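These are the residues of each chain, in order.
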Amino acid sequence: MTDSSLDTAWAVDWLRRSAAVVSENRMALIELDRAIGDGDHGENLDRGFSAILEKLDSEPPLTPAATFKLAAMTLMSKVGGAAGPLYGTAFLRMGTAMGEAVEIDSALLAAGLAAARDGVVARGKAEVGDKTMIDAWTPAVDAAISAADAGASPAAVLAAAAAAAESGAVATDPLIAHKGRASYLGERAIGHRDPGAASSAMILRAAAQAGGASA
Amino acid sequence: MSVGLVIVSHSAALAAGVVELAAQMAVGVSIVAAGGMDDGGLGTSLEKVMSALGQADTGEGVVVLTDLGSAVMTAESALEFMGGPATVALADAPLVEGAVAAAVAAASGAGLQAVRHAAETALQNSGAARATDAGTATGLDSGTEPRKDHTPEGEQTAELILINPMGLHARPAAVLAGELGAMDVDIEINGVDGQSVMMLMTLGAGEGTKLHVRASGPDAVGAVALVRREVTSGFGEI
């Protein structure tokens, strides 16, 4: 590991930190989802990431891509709701984009995040402004690409992505939802943060913390 | 061997019920449920879907039917995980009607894409059936007698009366559609496609109903004979 690349240990640390932050915020995510959805987002994600921790212990992955594919398979099998295939597809596409690489530089990292976001768009058919996780992911990917193009380190690329995702999640508060169960609520969704955007910001912050810890 | 089916639902009970219903009309077709989560809760599981795909495939491919939004996403994810196999087709179809239509098509020996098509047109076909019925009724009201003058060359016709107490219910409809589906024939029964189980069921034809059969194409004679044999024997139910 160097300042200019991330490795498998980072990928594993990201997932462990994601599991921790999702577990800590389980009730907060349930409350957000209860306001405009079916209330199961926190519980479902917590179950999914807890299962990832077990898999990481029992079958330690050898590459970043293998780490993300393990996460994808587990989330798709254990989450149950829409978040399973959406996060699962994000991690699957990111793993595919990273191929066999064991050292992830800034450009490959940004490409991986973009592939993840494109996967969520393809699977969920949502656009920016629909009050979904895309509203966190798209600004995060834009910020990551800008940072990578400007020559930032992978840790700095992740920090930029996390900050943009957090702003994007906050920006879902005033929106009317156009996808998922919240779309049935019309204007009643205004004033509530989208749970998927909120969890996306948490998970991308976990990536940045793992990147900072390894830098 | 026939095309297999996988039924993906958020509910294990719902998936099992659809399998039960579809299997009744399609003996010998491999139909596998992938419903609910590992712990029995509501939701869809990639592992369950992938395992069901493996079980259902007897070499002719598998058509996947799904219930609500994230079930579709889980099924799509399974295909992506497997590298987009050409032997698996996702049907954008109503779960119950689509599963029944697909099962009957599979039982009649239809290929992968034909089975998917049968599922996807299950509702359209019954809508078209109603439109055709309305047109026929209008023609009769105006007093025209179209049959003799307009009968195309080689067309076979028959008028038969249902004698079994249950009439043309699900099982006989499946028998007719299944056997006719394997023939090279265009066949209408009371104005609906005789090769479509869903359309035949929309007739709601009970005991004593008169069936007007019109068939054309290479197998027309055999097709009409088949319908005659099944109807006059009461579909083996009497």
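Residues numbered from 1 in each chain as written. Chains lettered and ligands numbered in written order. Predicted model: local features only at pLDDT ≥ 70, side-chain atom pairs only at ≥ 80, totals over all residues. Heavy atoms only, no water.

### Things to note about unusual backbone geometry
Residue and element names in this part refer to chain A. Short version of the rule: Put simply, DSSP marks the helices as runs of H or I at least four residues long and the strands as runs of E at least two long, and each gets a number from the N terminus on. The buried label goes to any residue with under 20% of its type's maximum accessible area, the exposed label to any with over 50%, and the partly exposed label to all in between, with areas taken from a 1.4 Å probe on protein chains only.
We note that Lys125 has phi near 60 degrees; this positive angle belongs to a residue other than glycine. Looking at where Lys125 falls in the secondary structure, it is placed in the loop between α6 (106–124) and α7 (134–149). Phi at Lys131 is positive, roughly 65 degrees, even though this residue is not glycine. Inspection of the secondary structure assignment puts Lys131 in the loop between α6 and α7. When its relative accessible area of 1% is taken as the criterion, Lys131 is described as buried.

### Concerning the UniProt feature "domain: HPr" (unreviewed entry) in chain B
For clarity, the cut-off: UniProt positions are given in the numbering used here, feature names are shortened, and annotations may be inferred rather than shown by experiment.
Per the UniProt annotation, the sites labelled "domain: HPr" (unreviewed entry) are residues 155–238 of chain B. The distance separating the terminal C-alpha atoms of residues 155–238 of chain B is 31 Å; by composition the span is 37% helix and 23% strand.

### What about the environment of Glu80 of chain B?
The following threshold applies: In what follows, a contact means two residues having at least one pair of non-hydrogen atoms within 4.5 Å.
If you trace the backbone, Glu80 of chain B turns up in helix α3 (residues 69–81). In this structure Glu80 of chain B comes out as partly exposed when scored by relative accessible area, which is 24%. Apart from the residues lying within four places of it in its own chain, the contact partners of Glu80 of chain B are Thr89, Leu92, Arg93 and Arg123 of chain A.

### Things to note about the packing of aromatic side chains
Put simply, the rule reads: Classification of ring pairs rests on two measures: the distance between centres of Phe, Tyr or Trp rings, Trp counted by its six-membered ring, which must be within 6.5 Å, and the angle between planes, read as stacked under 30 degrees, edge-to-face over 60 and tilted in between.
Per the stated rule, a full pass over the model turns up five aromatic pairs over all chains. Linked through ring pairs, Trp10, Trp14, Phe68 and Phe91 of chain A together constitute an aromatic cluster.

### Digging into a negative patch on the surface
Residues and elements named next belong to chain B. What counts here: Candidates for patches are residues over 30% relative accessible area with no salt bridge; among them, like charges are joined within 9 Å and nonpolar side chains (Val, Leu, Ile, Met, Phe, Trp, Tyr) within 5 Å. For the accessible areas, the method is Shrake-Rupley and the probe is 1.4 Å, while residue cover comes only from the protein chains on display. Take a side-chain nitrogen of Lys or Arg and a carboxyl oxygen of Asp or Glu: if they are within 4 Å of each other, that pair is a salt bridge. Within this scheme the basic residues Lys and Arg register as positive and the acidic residues Asp and Glu register as negative, but His and the chain ends are omitted. Lys charges are placed at NZ, Arg charges at CZ, Asp charges at CG and Glu charges at CD.
Residues Asp184, Asp186, Glu188 and Asp219 make up a contiguous surface patch of negative charge. Locating Glu188 in the fold gives a position in strand β6 (residues 186–189). For Glu188, a relative accessible area of 37% translates into the label partly exposed.

### Things to note about the sheet that holds strand β5 (residues 156–161) of chain B
All names here are of chain B. This is how it is decided: A strand pair is defined by DSSP finding two or more bridges across the two strands. To obtain an axis, a line is fitted to C-alpha atoms, over the contacting stretch when the element is a helix, and the angle between two such axes runs from 0 to 180 degrees between their N-to-C directions.
Here four strands make up an open sheet; going across it, the order is β5-β8-β6-β7 and the pairing antiparallel. Both edges of this open sheet fall to β5 and β7 (192–193), since each of them pairs with a single strand only. Both β6 and β7 contribute to a ladder of two bridges, which runs antiparallel. The partner of Ile189 across the bridge, within β7, is Val192. Across the sheet, helix α10 (residues 220–232) is in contact with β5, β6 and β8 (210–216); its angle to β5 comes to roughly 5 degrees.

### A look at the interface of chain B and chain A
This is how the line gets drawn: Buried area adds together the accessible area that both of two parts lose upon being put together, with accessible area traced by a 1.4 Å probe. For the purposes of these results, a polar contact is taken to be a pair of N or O atoms within 3.5 Å, where, inside protein, one atom must be able to donate a hydrogen and its partner to accept one; residues adjacent in sequence count only when each atom of the pair is a side-chain atom. The residue classification treats Ala, Val, Leu, Ile, Met, Phe, Trp, Tyr, Cys and Pro as nonpolar and Asp, Glu, Lys and Arg as charged. All others, Gly included, are polar.
Each partner contributes to the interface: chain B provides 16 residues, whereas chain A provides 20 residues. Between chain B and chain A, the buried area comes to about 1400 Å², and carbon and sulfur atoms account for 56% of it. Ranking the residues of chain B by area buried against chain A places Met73, Glu80 and Phe81 of chain B at the top, with a combined share of 39%. The tally of links between chain B and chain A comes to five salt bridges. Our enumeration of links across chain B and chain A arrives at nine residue pairs in polar contact (both at pLDDT 80 or more). Looking at the side of chain B that touches chain A, the element that brings in the most residues is α3 of chain B, giving seven residues. Across the side of chain B that touches chain A, the residue classes tally to five nonpolar, six polar and five charged.

### Some words on the sheet that holds strand β3 (residues 62–66) of chain B
Hydrogen bonds along the backbone pair up the strands of a sheet, which may run parallel or antiparallel. All names here are of chain B. If you trace the four strands from one edge of the open sheet to the other, you get β2-β1-β3-β4, paired in parallel fashion. The open sheet has two edge strands with one neighbour each: β2 (31–35) and β4 (88–90). Mean inter-strand twist for the sheet, computed between neighbouring axes without regard to direction, equals 20 degrees. In terms of strand pairing, β3 meets β4 through three bridges, oriented parallel. Within β4, the residue paired with Val64 across the bridge is Leu90. The strands that helix α1 (residues 12–24) touches are β1 (4–9) and β2; relative to β2, the one it contacts most, it runs at about 165 degrees.

### A short note on the UniProt feature "signal peptide" (unreviewed entry) in chain B
Here, the residues flagged by UniProt with the feature "signal peptide" (unreviewed entry) are residues 1–15 of chain B. Between the C-alpha atoms that bound residues 1–15 of chain B the distance is 23 Å, and the span itself is 27% helix and 40% strand.

### Examining α6 of chain A
For an α-helix, the turn length of 3.6 residues means that residues three or four places apart are oriented alike. Residue and element names in this part refer to chain A. Let me state the cut-off plainly: What a helix should span is 1.5 Å times the count of its residues minus one.
Along its 19 residues, α6 runs 27 Å from first to last C-alpha, staying within 8% of the 27 Å computed at 1.5 Å per residue. What α6 keeps buried is the set Ser106, Leu109, Ala110, Gly112, Leu113, Ala114, Ala115, Ala116, Arg117, Gly119, Val120 and Arg123. Once α6 finishes, Lys125 follows within two positions and takes phi at roughly 60 degrees, a positive value.

### Notes on the pattern of salt bridges
Applying the stated criterion across every chain yields a total of 16 salt bridges over all chains. Between Arg181 of chain A and Asp38 of chain A there is a salt bridge; the shortest N-O distance is 3.2 Å. Taken as a pair, Arg181 of chain A in the loop between α8 (154–170) and α9 (195–214) and Asp38 of chain A in the loop between α2 (26–36) and α3 (41–58) lie far apart in primary sequence, 143 residues in all. Exposure remark for Arg181 of chain A: the relative accessible area of 53% places this residue in the exposed category. The partly exposed category is assigned to Asp38 of chain A, whose relative accessible area is 38%. Between Arg117 of chain A and Asp118 of chain A there is a salt bridge, and its shortest N-O distance comes to 2.9 Å. Where salt bridges share partners, they join Arg93 and Arg123 of chain A together with Glu76 and Glu80 of chain B into one cluster.

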